[in-house]
Amino acid sequence: MKTQFMLETPYITLGQFLKEINEISSGGMAKWYLQEHVVFVDGELENRRGRKLYAGSMVELPEVGTFFMEKKPSETAEEASEE
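Conventions adopted
- Residues numbered from 1 in each chain as written.
- Predicted model: local features only at pLDDT ≥ 70, side-chain atom pairs only at ≥ 80, totals over all residues.
- Heavy atoms only, no water.
- Helix = DSSP H or I, 4+ residues; strand = E, 2+ residues; numbered from the N terminus.
- Contact = heavy atoms within 4.5 Å.
- Pairing = 2+ DSSP bridges.
- Core = buried A, V, L, I, M, F, W, Y, C linked by side-chain atoms within 4.5 Å.
- Buried < 20%, exposed > 50% of the residue type's maximum accessible area, 1.4 Å probe, protein only.
- Phe/Tyr/Trp six-rings, centres within 6.5 Å; stacked < 30°, edge-to-face > 60°.
- Lys NZ or Arg CZ within 6 Å of the ring centre and 35° of its normal.

Engineer: Before we go on, may I ask you to explain the side chain of Thr 66 in this structure?
Structural biologist: Looking at the element boundaries, Thr 66 is found in strand S7 (residues 65-71). For Thr 66, the residues in contact, after removing those within four places along its chain, are Met 1, Lys 2, Thr 3, Met 58, Val 59 and Glu 60.

Engineer: Looking at this model, I keep getting lost on the sheet that holds strand S6 (residues 58-61). Mind explaining?
Structural biologist: Think of a sheet as strands paired side by side through backbone hydrogen bonds, with each pair either parallel or antiparallel. Reading across the sheet, the 5 strands line up as S1-S7-S6-S3-S4 and stay open at both edges, with mixed pairing between neighbours. Bordering the open sheet on either side are strand S1 (2-7) and strand S4 (44-45), each of which pairs with just one other strand. In the sheet, strand S3 (residues 40-41) pairs with S4 via 2 bridges, with the strands oriented antiparallel. In the strand pairing of S4, Val 41 is matched with Glu 44.

Engineer: Help me understand the nonpolar core in this model?
Structural biologist: Side chains that are nonpolar tend, in soluble globular proteins, to be buried together. Formed by 18 residues in total, the largest nonpolar core has its most connected members in Leu 14, Phe 17, Leu 18, Leu 53, Val 59, Leu 61 and Met 69. For Phe 17, the contacting residues outside a window of four places in its chain are Phe 5, Ile 12, Leu 53, Val 59, Phe 67 and Met 69.

Engineer: Looking at this structure, I do not really get the packing of aromatic side chains. What am I missing?
Structural biologist: A complete count under the given rule lists 4 aromatic pairs for this structure. Ring plane angle 55 degrees and centroid distance 5.6 Å describe the contact between Tyr 11 and Tyr 54, whose orientation is recorded as tilted. Of this pair, Tyr 11 sits in strand S2 (residues 11-13) while Tyr 54 sits in strand S5 (residues 52-54), and the two are 43 residues apart along the sequence. For Tyr 54, a relative accessible area of 41% corresponds to the partly exposed category. Ring geometry for Trp 32 versus Tyr 33: centroids 6.3 Å apart, planes at 70 degrees, classification edge-to-face. Under the relative-accessibility criterion, Trp 32 is labelled partly exposed at 42%. Judged by relative accessible area, which is 4%, Tyr 33 ranks as buried. Of the aromatic side chains, those joined through ring pairs into one cluster are Phe 5, Phe 17 and Phe 67. Taking NZ or CZ as reference, Lys 52 lies 4.7 Å from the ring centre of Tyr 11, over its face.

Written as structure tokens, this is what we have:
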């Protein structure tokens with residue numbers, strides 16, 4: 001399954017990302033998860049929970065799917081004034 005993940009900040013750490021997609025229930029589980037599961041970031045095996053993921057990064061969790069990091073479009077002044 002290929003999925004887009006919208007970043008609301010300039011980056012997200014791999015541990016935070018795993019929590020956001022509900023693969024782990026707390027940040028403390030990230031280290032364990034990365035020891036027990038295969039995770040690829042941009043095609044390379046990754047085991048650092050603090051790895052920063054930026055727009056354009058790709059995370060592959062073979063048992064779950066592939067996620068593409070994308071920058072969330074910022075609101076324009078017009079859209080903000082309509083609310």
